[in-house]
Amino acid sequence: ATNPNSFSQDDMPGPTPSPTPGLRRRDTSNKPADTAVKQQRLPAIQPVMTPGKVILTVSILGTIFLGLGIVLYVFSRACFETVVRYDDQCPLGTTCTVDITIPNDLEPPVYLYYQLTGFHQNHRRYVKSRSDAQLRGDNITDPSSLSDCDPYVTYNGTNIPINPCGLIARSMFNDTLLLKKPDGSVMPVTKDGIAWNSDVESRYRSKPGLNQWTNVSDPDFIVWMRTASLPNFRKLYRIVRDPMPAGVYHVTIQSNFNVEAFGEKYVVLAKTTWFGGKNDFIGIAYIVVGGLCVLCGLVFGLKQAFCRRQPGSLHSVTGGHEESRTVTRADLAPSLAFTIPPTMPSQGVAR
């Protein structure tokens, strides 16, 4: 047995003794520094989740979610939005007019969108079919460096690269929408601000001498090039900066974009609020989650009030029997077994 009062050579004061020949010194280069972070000595809180704390936490969270959901739902319902389908009224290559009724006066800004359904802009081949270097204004003459744009890389029968190349640019939405007032005069609209500032300032540049078949710095083109993540999407077309009194407005549409093979086309006139456009789903989701939390808190509270289990009681562990119960390996981990006493020992624990 080792004498606890004995000292080793390392504990003796004085100079460090030379290492014994043939013995390797223990490598301490990977030893963590003696700091509170690396030695895990930072103060910590380990809350004990008692039934009362759990009930209180769930009830508070449920109340917050429920209140926020009601606010979001009320604002969403009050947000103006009207959607009108027009591809069934405007065959390809024709011009038609659809009416949009505004029941109340609208303050600017008001947003005019076009909406497509069944158009999978999120397809992998479609998303990568572009050349960011071309869109930034670089003059690319080697078609082999534009392989991502396949099959729209060069003009037919030539070795001249298409600029801009790719499926996204090739399939650009080209319907024209003209908003008119109830008296038939043209409603002033603008395309300034429909595209992201970062895209306008740095990602899309039109330079002379590049033989671009379209103006890549046009906001309509920039909006289209930012692909949607879902097959049903809407994109901002114009912004109305003037007040719009209540009445029946007219949208004259030149139908050039073919959707017969995959979906439908809509024109949307809408306003936004502090949390975005009209979206009832967010408010309903918060209300459902908050209601479930409040309901769970109520059920747990009733159980705690009428069917409370005394803290430290082994009644549920021993199955109501006062005698000792042996927990076998099947109950716990393999090769483990111990005995749970029916009561705590009355005498103190020897130290």
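I will try to describe carefully the structure that is included in this document. (Residues numbered from 1 in each chain as written. Predicted model: local features only at pLDDT ≥ 70, side-chain atom pairs only at ≥ 80, totals over all residues. Heavy atoms only, no water.)

Observations regarding the sheet that holds strand β2 (residues 95–102)
As summarised here, the arrangement of the three strands in space is β2-β6-β4, forming an open sheet in which the pairing is antiparallel. This sheet does not close on itself; its edge strands, each paired only once, are β2 and β4 (176–180). Averaged over all neighbouring strand pairs, the angle between strand axes comes to 25°, with direction disregarded. Direction of pairing for β2 relative to strand β6 (residues 247–254): antiparallel, over a ladder of eight bridges. Among the inter-strand pairings, Asp-99 is bridged to a residue of β6, identified as His-250. (Pairing = 2+ DSSP bridges. Helix = DSSP H or I, 4+ residues; strand = E, 2+ residues; numbered from the N terminus. Axes fitted to C-alpha atoms, helices over the stretch in contact; angles between N-to-C directions.)

Concerning the packing of aromatic side chains
For any pair of aromatic rings, the description consists of the separation of the ring centres together with the inter-plane angle of the planes. Following the criterion strictly, the structure yields 15 aromatic pairs and no others. With a centroid separation of 5.3 Å and an interplanar angle of 85°, the aromatic rings of Phe-119 and Phe-262 are classed as edge-to-face. Placement of Phe-119 in the loop between β3 (110–116) and α2 (124–127) and of Phe-262 in the loop between β6 and β7 (265–270) is noted, with a sequence separation of 143 residues between them. Seen in terms of ring centroids, Trp-224 and Phe-233 are 6.4 Å apart; in terms of plane orientation they differ by 55°. Their pairing is tilted. (Phe/Tyr/Trp six-rings, centres within 6.5 Å; stacked < 30°, edge-to-face > 60°.)

Some thoughts on the state of the cysteines
A full pass over the atoms with the stated rule returns two disulfides. Note on cysteine connectivity: Cys-90 is disulfide-linked to Cys-96, with sulfurs 1.2 Å apart. For the pair Cys-90 and Cys-96, one class covers both residues: buried. Two residues share a disulfide in this structure: Cys-149 and Cys-165, whose sulfurs sit 2.0 Å from each other. Residue Cys-149 is located in the loop between α3 (132–135) and α4 (167–170), and its partner Cys-165 is located in the loop between α3 and α4; the two are separated by 16 residues in the primary sequence. Cys-149 gets classed as buried once you look at its relative accessible area, which sits at 1%. Looking at the chain, its bonded cysteines, counted consecutively from the start of the sequence, adopt the pairing 1-2, 3-4. No disulfide involves Cys-293; its sulfur sits 6.6 Å from the nearest other cysteine sulfur, which is in Cys-296. (Disulfide = S-S within 2.5 Å. Buried < 20%, exposed > 50% of the residue type's maximum accessible area, 1.4 Å probe, protein only.)

A short note on the environment of Thr-272
One can find Thr-272 in the loop between β7 and α7 (280–306). With relative accessibility at 35%, the residue Thr-272 sits in the partly exposed group. The spatial distance from the C-alpha of Thr-272 to the C-alpha of Ser-76 is 9.0 Å, given a sequence separation of 196 residues. Setting aside residues no more than four positions away along its own chain, Thr-272 makes contact with Cys-79, Tyr-111, Tyr-113 and Gly-277. (Contact = heavy atoms within 4.5 Å.)

Here's the deal with the side chain of Asp-220
For Asp-220, the location among the structural elements is in helix α6 (residues 219–225). Residue Asp-220 is classed as buried on the basis of its relative accessible area, which comes to 14%. There is a polar contact of 3.2 Å between the side chain of Asp-220 and the side chain of Lys-191. A polar contact is formed between the side chain of Asp-220 and the side chain of Arg-238, at a distance of 2.9 Å. When sequence neighbours within four positions are dropped, the list of residues in contact with Asp-220 reads Met-172, Lys-191, Ile-194, Tyr-237 and Arg-238. (Polar contact = N/O pair within 3.5 Å; in protein donor to acceptor, adjacent residues only side chain to side chain.)

A short note on the sheet that holds strand β1 (residues 81–85)
Reading across from one edge, β1-β7-β3-β5 is the order of the four strands in this open sheet, with antiparallel pairing throughout. This sheet does not close on itself; its edge strands, each paired only once, are β1 and β5 (233–240). Neighbour to neighbour, the strand axes of the sheet diverge by 20° on average, direction disregarded. The pairing of β3 with β5 spans seven bridges and is antiparallel. Each bridged residue has a counterpart across the sheet, and for Tyr-114 the counterpart in β5 is Lys-235.

Some remarks on the side chain of Asp-87
Examined against the element boundaries, Asp-87 turns out to sit in the loop between β1 and β2. With a relative accessible area of 17%, Asp-87 lands in the buried category. Side chain to side chain, Asp-87 and Arg-85 meet in a polar contact 2.8 Å long. Side-chain polar atoms of Asp-87 contact the backbone nitrogen of Lys-265, separated by 3.0 Å. Other than its neighbours up to four places away in sequence, Asp-87 contacts Val-259, Gly-263, Glu-264 and Lys-265.

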